Amino acid sequence: MTATLSTAQDGALTILGPDQTDLLRDLDRTITGWAAGAGAREIMPPPVYPLRDLEKFDVYANFPHLQFVGGPLDVTGAPPAPVGGAFASRDVDPPFLGLPHSSCYGAYLYFEQQSVAPDTTITLINRCFRNEQKYEGLRRLLSFQMREIVAIGSFEHTQDVIARFTDRIERFAKELGLELQKEPASDPFFERDSGRALLQRLSPVKYEFQADGLAIASVNTHRNFFGERCAITVDGTGEHAFTGCVAFGLERWLAVLGDRFGGDLQEARAAVNAAAA
C-alpha cells in the first residue's frame, strides 16, 4: 500500500509501505553490490545544496522547469502562517538553497578542486526533486530516490564503466522478465553552439532504458564538462577529468516490477534477490 500525501498536485508525493520499502532496499543493495564489484566507494551527499553550487552546472539555464528552491521564513515580525497550504512570497526570505534533480552532482562537488586517479569510481544515493507537468504514482514523483554510479578520470574509464553497467542492466532486466528498450536521449548540458553540443548530436551521450515507456535507468557521458566546472583534474596529466554516470530511479523500478508481478511485491522481491544472486 502507498499512502498519498496532500500536495498542490495529487499523487506528487507518496509514503512507501513496508513491502515497497523492502523491495526498494533489496534493489538498492543489488545495485550497490554491482558498484562495489566495480571498485566504487560510497559517499553520502546532503539533500540540498547552495544555489551557487548547482548554478555551476547551468541547471537554472538548462533545466529551469524542473527546479525547486528554498529559503527560510521571514520572522522579523509576527510569524507568518500558510494560507491554503502555501506561504506568500513576502513571508519567505530570498531562496539560497537548491533541491537537486539528479544525484550525481554531489560526486562532482565532493571532488571539486582535487586531482583524482584516472579510474575513480564512486556511488551515491540522494533524494531528487522535479517540478513535473504531471505526476503519476510511482512512475513519476515530485521527490524520489536515485542511486548512481559515477566514473571520474580518463575518458576510457568512463566508457568502460558505462559499457559494463549497460550489460548489467540488460541482463538483470532479462532475468526479471522485463522488456527494456535502449533509447538515445539528450541532456542540454552543453551550449547549443559549442563543440561538445555538436559531438552530442553526432554521437548520443545519454541512453535511457525504458520499460513500458518509462525510463528506469540511464547511462550518461558528460565528457569533461563537470571536470572543468569543478576544476577536477587527473593524476599525472593535470587535464580536466572526464565523467560518466549510471542512474537508477528506484521508485520507477518499483512501479514496473509491481506491474510485472501483478502487484505481488513479495514475489517481485524474491525475483530480484534470485536475479542478484
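Once a new chain begins, its residue numbering starts again from 1 and follows that chain's sequence as written. pLDDT decides what is reported in this predicted model: residues at 70 or higher carry local features, side-chain atom pairs at 80 or more are listed and counted, and totals for whole chains, interfaces and linings draw on all residues regardless. Only hydrogens and water are set aside when side-chain values are computed; all heavy atoms of the structure are taken into account.

Peer 1: Quick rundown of the packing of helix H1 (residues 18-37) against helix H9 (residues 265-276)? Include the residues and the values.
Peer 2: Lines are fitted to the C-alpha atoms to define the axes, a helix being fitted only along its stretch in contact, and any angle between axes, read from their N-to-C directions, falls within 0 to 180 degrees. Runs of H or I in DSSP of at least four residues are treated as helices and runs of E of at least two as strands, each being numbered from the N terminus. Taken N-terminus to C-terminus, the directions of H1 and H9 make an angle of 10°; their axes are 9 Å apart at the nearest point. Overall, the two elements H1 and H9 adopt an arrangement that is roughly parallel. Only Leu265, Gln266, Ala268, Arg269, Val272, Asn273 and Ala276 of H9 make contact with H1, whose side of the interface consists of Asp19, Gln20, Asp22, Leu23, Asp26, Leu27 and Thr30. Taken together, the residues of the contact of H1 with H9 break down into six nonpolar, four polar and four charged. Here roughly perpendicular refers to angles of 65 to 115 degrees, roughly parallel to angles under 35, roughly antiparallel to angles over 145, and oblique to all remaining angles. What makes two residues a contact is simply this: any of their non-hydrogen atoms within 4.5 Å. Gly counts as polar in this scheme, as do all residues outside two lists: the nonpolar Ala, Val, Leu, Ile, Met, Phe, Trp, Tyr, Cys and Pro, and the charged Asp, Glu, Lys and Arg.

Peer 1: Tell me about the sheet that holds strand E5 (residues 68-70), and name the residues and values.
Peer 2: Two strands qualify as a pair provided that DSSP identifies no fewer than 2 bridges between them. Strand order in the open sheet made by the three strands is E4-E6-E5, with antiparallel pairing throughout. Edge strands, defined here as strands with exactly one partner in the open sheet, are strand E4 (49-50) and E5. Pairing of E4 with strand E6 (residues 97-99), which is carried by two bridges, proceeds in the antiparallel orientation. Across the sheet, residue proline 50 finds its bridge partner in E6, namely leucine 97.

Peer 1: Outline H1, supporting the account with residue identities and numerical values.
Peer 2: To estimate how far a helix should extend, the number of its residues minus one is multiplied by 1.5 Å. Taking 1.5 Å as the rise per residue, H1 with 20 residues should run 28 Å; its terminal C-alpha atoms sit 28 Å apart, in good agreement. Restricting attention to buried positions, one finds in H1 the residues Gln20, Leu23, Leu24, Asp26, Leu27, Asp28, Thr30, Ile31, Thr32, Trp34 and Ala35. Looking one or two residues past H1, glycine 39 carries a phi angle of roughly 85°, positive in sign. Only protein chains enter the calculation, and the probe is 1.4 Å; a residue is then buried if its accessible area is under 20% of its type maximum, exposed if over 50%, and partly exposed in between.

Peer 1: Describe the packing of aromatic side chains, naming the residues involved and giving the relevant values.
Peer 2: Two measures describe an aromatic ring pair: the distance that separates the ring centres and the angle between the ring planes. Two rings from Phe, Tyr or Trp (for Trp, the six-membered ring) form a pair when their centres are within 6.5 Å of each other. A pair whose planes differ by under 30 degrees is stacked, one over 60 is edge-to-face, and the rest are tilted. Per the counting criterion, the structure on display carries twelve aromatic pairs. The interplanar angle of 85° and the centroid separation of 5.1 Å between the aromatic rings of tryptophan 34 and phenylalanine 172 together place this pair among those described as edge-to-face. Placement of the pair is tryptophan 34 in helix H1 and phenylalanine 172 in helix H5 (residues 155-176), with a sequence separation of 138 residues. As far as the burial class goes, tryptophan 34 and phenylalanine 172 line up, both buried. Cluster of aromatic residues (ring-pair linked, three or more members): Phe57, Tyr105, Tyr108, Phe225 and Phe226. Over the aromatic face of tyrosine 207 sits the side chain of lysine 182, whose NZ or CZ is 4.6 Å from the ring centroid. A positively charged side chain is recorded as over a ring if its NZ (Lys) or CZ (Arg) lies within 6 Å of the ring centre. The angle to the ring normal must also be within 35 degrees. Residue placement shows arginine 260 over the ring face of phenylalanine 261; its charged tip is 4.6 Å from the ring centre.

Peer 1: Before we move on, can you summarise the sheet that holds strand E12 (residues 214-223) with the specific residues and values?
Peer 2: Spatially, E3-E8-E9-E14-E12-E11-E10 is the arrangement adopted by the seven strands of the open sheet, whose pairing is mixed. Here the strands that pair on one side only, and so sit at the sheet edges, are strand E3 (41-42) and strand E10 (181-185). Examined bridge by bridge, strand E8 (residues 119-129) and strand E9 (residues 143-153) share eleven bridges and lie antiparallel to one another. What sits directly across from leucine 124, in E9, is glutamate 148. Docked against the sheet, H1 engages E8, E9 and strand E14 (242-249), running at close to 0° with respect to E9. Its contacts with the sheet put H5 on E8, E9, E10, strand E11 (206-211), E12 and E14, and the angle it makes with E14 is roughly 20°.

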